[in-house]
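The lines below spell out each chain.
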Amino acid sequence: MRLPRRPRLLIPVTIAVVTVVVLLLIFAGIFTDYLWYDSVDFSSVFSKMLVTQVLLFLVGALLMVGIVGGNMVLAHRMRPMFGPGMFGGPQGADRYRVAVDPHRRLVFLIGMGILALFTGSSVAGQWKTWLLFANATPFGQKDPQFGIDVSFFMFTFPFIRMVLNFLFTAVILSIIAAAVVHYLYGGFRIQSPGGVQASRAARAHLSVLLGVFVLLKALAYWLDRYELVFSTRGFVHGASYTDVSAVLPAKGILAVIALICALIFFAGVIRPGGMWPGVAFGLLVLSAILIGSVYPALVEQFQVRPNQQGKEEPYIARNIAETRKAYGVADAGVVAYQAQGTPQQGQAANDDTVSGVRLLDPVLVAKTFQQKQRIRGFYDFADPLDVDRYKAQDGNVRDHIVAVRELTVPPTEQDNWINRHLVYTHGYGFVAAPGNEVDTEGLPNFDAKDMPVTGPLVTATGLKEPRVYFGERGTDYVIAGGSPNKPQELDYPESSGTGQQNTTYTGKGGVPLASFFNRLLYAVKYGEKNLLLSGDINDQSRILYDREPAERVAKVAPFLNLDSDPYPAIVNGRIVWIIDAYTTANEYPYSQSKSFSDMIRDTATDPRAITPPPRDQINYIRNSVKATVDAYDGTVTLYEWDSTDPILKAWEKAFPGIVQSKDKMSAELKQHLRYPEDLFKVQRDVLSRYHITDARSFYSGQDFWNVPDDPSSGEKNVKQPPYFLSVKMPGAQSSSFSLTTTFVPRQGPNLAAFMAVDATPGDGYGKLQILRMPASTTISGPGQVQNTFTNRFSGELNILGLGKAQILYGNLLTLPFAGGLVYVEPVYVQTAAGAGQEPYPILRRVLVMFGDKVGSADTLKDALSQVFGTGPAPPVSPVNPGQNPPANAALAAIVAKAQSAYADAQKALASNPVDWGAYGKAQAALKQALDELNRLQGQQPATSTPPSASASPSVSPSPSPTPTG
């Protein structure tokens, strides 16, 4: 029964329509990608990637089809001339041959097409391996085992391994395909009794293919010798004693045996019978077991394990040296630091390094920034905020907490296509506050704020363009530009609160939508008909997408891995995003391989921001590139930062001209560059073990360190983040903006070491310095200091947290000073959420510890005075009930007064509008109550029992992640 004409026509028409739609979607995706790259002046990257991938696709597909298809055609031509039934008897293969033979060309073409598609895609995906091989650059360093330049292992070896895997796959598929064809057309049959009966041609064909397979295996054995530099068999990564003494010669012997077995398989072409190939196969398997597995296992068990330290010592030494080179820590200096400074030395030091330490915690004050500077609910700030350096109002360069006001989404009731994509197009403004000071209410003392942006910092930096079209929250496309006479983009709300100031984008960012063709392509790309129909889109309109700074850098430089924390800065009057970029690898010989994401994870890390390399395991990293993205027009600029990195040099050969010399950086941009956080986290993880350079000491592991848990977060097994601070290291003439961290012993809470790196570009930039604490003296670690603060001031802090208010501990900062160590921790109070209110933290206390002296005050200056003996003694927690009844009665009265003041403050906040005058009076009353508490505690008898954990309710740290900035 034949189908009617219409249904018969419907099938090809449907196929044609589907094909056209698929091709249109593919074309729209590729061409809009080209338009995007062209808009950022990186079209050469797009063309190089596209051409490379297309050529690799074609080469891989043609080679695979040629090898596998050629063997299938050859097997078909070698079919017996008497047909499939030549062996007699019922043949099951005949049924399959009869079914397939009439359609063999179609089946062959479909099969080869699928094979070409998968193979080509797989080979095209290895474009980075090919480009690194084709543009290999010598390292100028030789591996300690073979004496070959490291570039062989980094660039050449991965490509050879890729080619070998391709050939293995091709030969295996050829063997399978040829065997199937020979079986279908009678080349061999499986019979019982008698086993396998094969024609001479089929036997010769398969013998050659098996011989080629074994020949490739011989080559693989030979290459395996070089792969031993990545071995994980020993105590550390890299070739171990067993690898060098047993596996290395075994691989050479196996390569020779495999070569001999390959010749035996080739001999099957002229010598009939299966005995010799069977002998060759048995010899290959037996030698692989005995020589390749059993012999090394015996050496490991009976020679190495009884004396592992002595046997592995030279190979551990190799691993230590190469790991320190690969992670860039070979020059890290370790010096002894007694940390025994006295308060008198601290007072005599008369240094402003400690008095200027940053108090604002970038995580905790993110909420404060939101409440005080968000202005409207559709604006927001990144969380955590960032730390940078600017001149403060006193003219001195200070650490600043900085952020940009970015757009999130339009208000829910106005969330439609026009508002989302044409009106709410950008954020506005730069907000900053010195990190070491607050105003009288404990809030950040903003020196850049509001809309339009005002403040001393704005004047000092000459900010001219505060609009943010490209930022960390730019996840959706927007259409900017249009008619300058009829601006429709929301710029900022007017101060009256009843209107808005509009603007029209005039930047060069994005792709022009002047042509109908471009509008059609983007309508297809986003599946949005309004791109074609909207009358608000005209010849001046531009579509802006892929607006996140990290996303833009990743697209123009896909060979780089990016730091998880881009940060904004004002450079030459514009807001730019600065992003550190890395070259990474996992092929550096003898270097210890570790997980990148595990090494950088701590309480400050946003898991969503971690962009690990394609292979998360790395054993080499360099901060080779500094990238910037203009927040207004999206311009991406790449600067060469490490000109000695061979991997970057290879990529610069592959993509010439896309990375600029660091000499082209402006002086103002260099002032805002800093040592990258993720690199520092990786290096501190490595140095927790590899600060030890003696192989025997490394083997014993007695001096291994850990990064301490973050004591202010209240979480266990989550590392404390590093902190940006201005630090004056011992022996230095002045302080420098540094990235710092601490270490504790592998077992124990005491402080083991303090590490800092000069984060400011200059002569000392990138120099890692480690202060090792004495092993014979107990120096309090971060966890112990936090416990001291909590117990010592629990009564005072409990009064701050009266009612439902929450006590939040800020980042616990550590820095060397006057021969000792100073710990500084800000304490915030966050009121409970009320109707129509969002709580935010306010700085209320500063805790300081130096040696065994502790201080607590409203300001850092007063707390330091207490510690260094120039101010009143700090208060301590109340004594146990019953030991001093008069004092406890007075305490009850003070608590009642504090509760009354707190209630008055809450009432003032709940009023509409907020009664700030009443709130200020209530805060003054609360401060008076706390001062009375201080005087009361100072009058208590000296014989009073020291406060215990049960003396008063202790304040446990609230889970608040603490960032580096």
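Read on for a plain summary of the structure. None of the values given here were measured: they were computed from a predicted structure.

## Notes on the pattern of salt bridges
Going through the model one piece at a time under the given rule, you end up with 25 salt bridges. D33 serves as the salt-bridge partner of K555, at 3.8 Å between the closest nitrogen and oxygen. In this pair, K555 sits in helix α18 (residues 549-556) while D33 sits in helix α1 (residues 5-39), placing the two residues 522 residues apart along the sequence. Overall, the relative accessible area of 26% leaves D33 in the partly exposed class.

## Digging into the packing of aromatic side chains
On inspection of all chains with the given rule, the structure shows 48 aromatic pairs. When the centroid spacing of 6.0 Å and the interplanar angle of 45 degrees are considered together, the rings of W130 and F133 count as tilted. Taken as a pair, W130 and F133 lie in helix α5 (residues 127-134) at a separation of three residues, close to a single helical turn. F133 gets classed as partly exposed once you look at its relative accessible area, which sits at 29%. One aromatic cluster is present, formed by F27, F31, Y34, W36, Y37, F46 and F517 through successive ring pairs. In this structure, K217 packs its charged tip against the face of Y221, placed 5.0 Å from the ring centre.

## Things to note about the pairing of strand β27 (residues 768-772)
Across four bridges, strand β3 (residues 333-336) lies against β27 in parallel orientation. Bridge pairing in β27 links V334 to I770. As paired elements, strand β26 (residues 753-758) and β27 share five bridges and run antiparallel to each other. Pairing of A753 across the sheet is with R772, part of β27.

## Considerations on the environment of I770
Looking at where I770 falls in the secondary structure, it is placed in strand β27. Between the C-alpha atoms of I770 and T740, which are 30 residues apart in sequence, the distance is 9.8 Å. When near neighbours in sequence (up to four residues on either side) are disregarded, I770 contacts G333, V334, V335, L687, W705, A753, F754 and M755.

## Focus on the sheet that holds strand β6 (residues 397-404)
As summarised here, the arrangement of the three strands in space is β5-β6-β9, forming an open sheet in which the pairing is antiparallel. Lying at the two open borders of the sheet, with one neighbouring strand each, are β5 (386-391) and β9 (430-434). Adjacent strand axes in the sheet meet at a mean angle of 40 degrees when their direction is disregarded.

## Notes on a nonpolar patch on the surface
A surface patch of nonpolar side chains, about 950 Å² in accessible area, is lined by V18, V22, L23, I26, I30, L50, V51, V54, L55, L58 and L62. The set of elements that each furnish at least two residues to the nonpolar patch consists of α1 and α2 (43-77). Ranked by residues supplied to the nonpolar patch, first place goes to α2 with six residues.

## Thoughts on the sheet that holds strand β14 (residues 511-512)
Overall, antiparallel pairing links the three strands, which are arranged β11-β15-β14 in an open sheet. Edge strands, defined here as strands with exactly one partner in the open sheet, are β11 (478-480) and β14. Direction of pairing for β11 relative to strand β15 (residues 542-544): antiparallel, over a ladder of three bridges. Following the sheet pairing, V478 is matched in β15 by L544.

Calculation notes
- Residues numbered from 1 in each chain as written.
- Predicted model: local features only at pLDDT ≥ 70, side-chain atom pairs only at ≥ 80, totals over all residues.
- Heavy atoms only, no water.
- Salt bridge = Lys/Arg side-chain N within 4 Å of Asp/Glu carboxyl O.
- Helix = DSSP H or I, 4+ residues; strand = E, 2+ residues; numbered from the N terminus.
- Buried < 20%, exposed > 50% of the residue type's maximum accessible area, 1.4 Å probe, protein only.
- Phe/Tyr/Trp six-rings, centres within 6.5 Å; stacked < 30°, edge-to-face > 60°.
- Lys NZ or Arg CZ within 6 Å of the ring centre and 35° of its normal.
- Pairing = 2+ DSSP bridges.
- Contact = heavy atoms within 4.5 Å.
- Axes fitted to C-alpha atoms, helices over the stretch in contact; angles between N-to-C directions.
- Patch = residues over 30% accessible without salt bridge, like charges linked within 9 Å, V, L, I, M, F, W, Y side chains within 5 Å.
- Areas by Shrake-Rupley, 256 points an atom, 1.4 Å probe, with all protein chains shown as cover.

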